[in-house]
Amino acid sequence: EVQLVEAGGGLVQPGGSLRLSCAASGFIFSGYAMSWVRQAPGKGLEWVSGIDSGGGSTTYVDSVKGRFTISRDDAKNTLYLQMNSLKPEDTAVYYCAKDLFGDYGYGMNYWGKGTLVTVSS
């Protein structure tokens, strides 16, 4: 059974930082691309970032480029999202997702339950 468990969300002030993690199990983690997707209150889903199975290629939505960094530790079956210079508009539930293949861009088939990030003064 595939399981994805996010952690690390919380309340931070604008300009602050958070590091999200996603503990994965039930599949060969190293063989799949992974993504982060978020949903702001009252808004639709927005893809945020992706990383390929080898960890050598990453991609980001324009609004977070230069501020967020996606990474993975295959030895720990864990995906990360380092978020710096946070803005109120980053407030959302952040979901970890397993991609269909080793390269991103083909869709996702499993999701975690999410972790809430609130950026507010």
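Keep in mind it's a predicted model, so treat the numbers as computed, not measured. (Residues numbered from 1 in each chain as written. Predicted model: local features only at pLDDT ≥ 70, side-chain atom pairs only at ≥ 80, totals over all residues. Heavy atoms only, no water.)

### As for unusual backbone geometry
Part 1: One non-glycine residue with positive phi stands out, namely Asn-77, at about 50°.
Part 2: Mapping Asn-77 onto the fold places it in the loop between β7 (68–73) and β8 (78–83).
Part 3: For Asn-77, a relative accessible area of 28% translates into the label partly exposed. (Helix = DSSP H or I, 4+ residues; strand = E, 2+ residues; numbered from the N terminus. Buried < 20%, exposed > 50% of the residue type's maximum accessible area, 1.4 Å probe, protein only.)

### Thoughts on the state of the cysteines
Part 1: Counted under the stated rule, the structure contains one disulfide.
Part 2: Covalently, Cys-22 is tied to Cys-96 through a disulfide, its sulfur atoms 2.1 Å apart. Measuring the twist about the S-S bond at about -70°, one finds the Cys-22-Cys-96 disulfide to be left-handed. Taken together, the residues Cys-22 in strand β3 (residues 18–25) and Cys-96 in strand β9 (residues 92–99) connect sequence positions 74 residues apart.
Part 3: Looking at Cys-22, the relative accessible area reads 0%, which means it is buried. (Disulfide = S-S within 2.5 Å.)

### Things to note about a nonpolar patch on the surface
Part 1: On the surface, Leu-100, Phe-101 and Tyr-106 cluster together to form a nonpolar patch covering roughly 320 Å² of accessible area.
Part 2: Note that Tyr-106 resides in the loop between β9 and β10 (108–111).
Part 3: Residue Tyr-106 is classed as exposed on the basis of its relative accessible area, which comes to 54%. (Patch = residues over 30% accessible without salt bridge, like charges linked within 9 Å, V, L, I, M, F, W, Y side chains within 5 Å. Areas by Shrake-Rupley, 256 points an atom, 1.4 Å probe, with all protein chains shown as cover. Salt bridge = Lys/Arg side-chain N within 4 Å of Asp/Glu carboxyl O.)

### Let's talk about the pairing of β3
Part 1: Only one face of β3 is buried, namely the one carrying Leu-18, Leu-20, Cys-22 and Ala-24, since none of Arg-19, Ser-21, Ala-23 and Ser-25 on the opposite face is buried.
Part 2: Note that strand β1 (residues 3–7) and β3 share five bridges and pair antiparallel. Counted as the bridge partner of Val-5 is Ala-23 from β3.
Part 3: Across six bridges, β3 lies against β8 in antiparallel orientation. The partner of Cys-22 across the bridge, within β8, is Leu-79. (Pairing = 2+ DSSP bridges.)

### Quick notes on the environment of Glu-46
Part 1: Residue position: Glu-46 is located in strand β5 (residues 45–51).
Part 2: C-alpha separation for the pair Glu-46 and Ala-92, spaced 46 residues apart in sequence, amounts to 9.7 Å.
Part 3: Once residues lying within four places of it in the same chain are set aside, the contact partners of Glu-46 are Val-37, Arg-38, Val-61 and Ser-63. (Contact = heavy atoms within 4.5 Å.)

### So, the packing of aromatic side chains
Centre distance and the angle of the planes are the two values used to describe a pair of aromatic rings.
Part 1: By the definition in use, this model includes four aromatic pairs.
Part 2: Between the aromatic rings of Phe-27 and Tyr-32, the centroid separation amounts to 5.8 Å while the plane-to-plane angle is 75°, which identifies the pairing as edge-to-face.
Part 3: Looking at Phe-27, the relative accessible area reads 14%, which means it is buried.
Part 4: For Tyr-32, a relative accessible area of 27% gives the class partly exposed.
Part 5: Aromatic pair Phe-101 and Tyr-106: ring centres 5.6 Å apart, planes at 80°, arrangement edge-to-face.
Part 6: Clustering of aromatic rings is evident, with ring pairs tying together Phe-27, Phe-29 and Tyr-32.
Part 7: Over the aromatic face of Tyr-80 sits the side chain of Arg-19, whose NZ or CZ is 3.9 Å from the ring centroid.
Part 8: Above the plane of the ring of Phe-27 lies Lys-98, whose end atom (NZ or CZ) is 5.6 Å from the centre. (Phe/Tyr/Trp six-rings, centres within 6.5 Å; stacked < 30°, edge-to-face > 60°. Lys NZ or Arg CZ within 6 Å of the ring centre and 35° of its normal.)

Interpretation note: all reported values are geometric properties and have no functional meaning in isolation.
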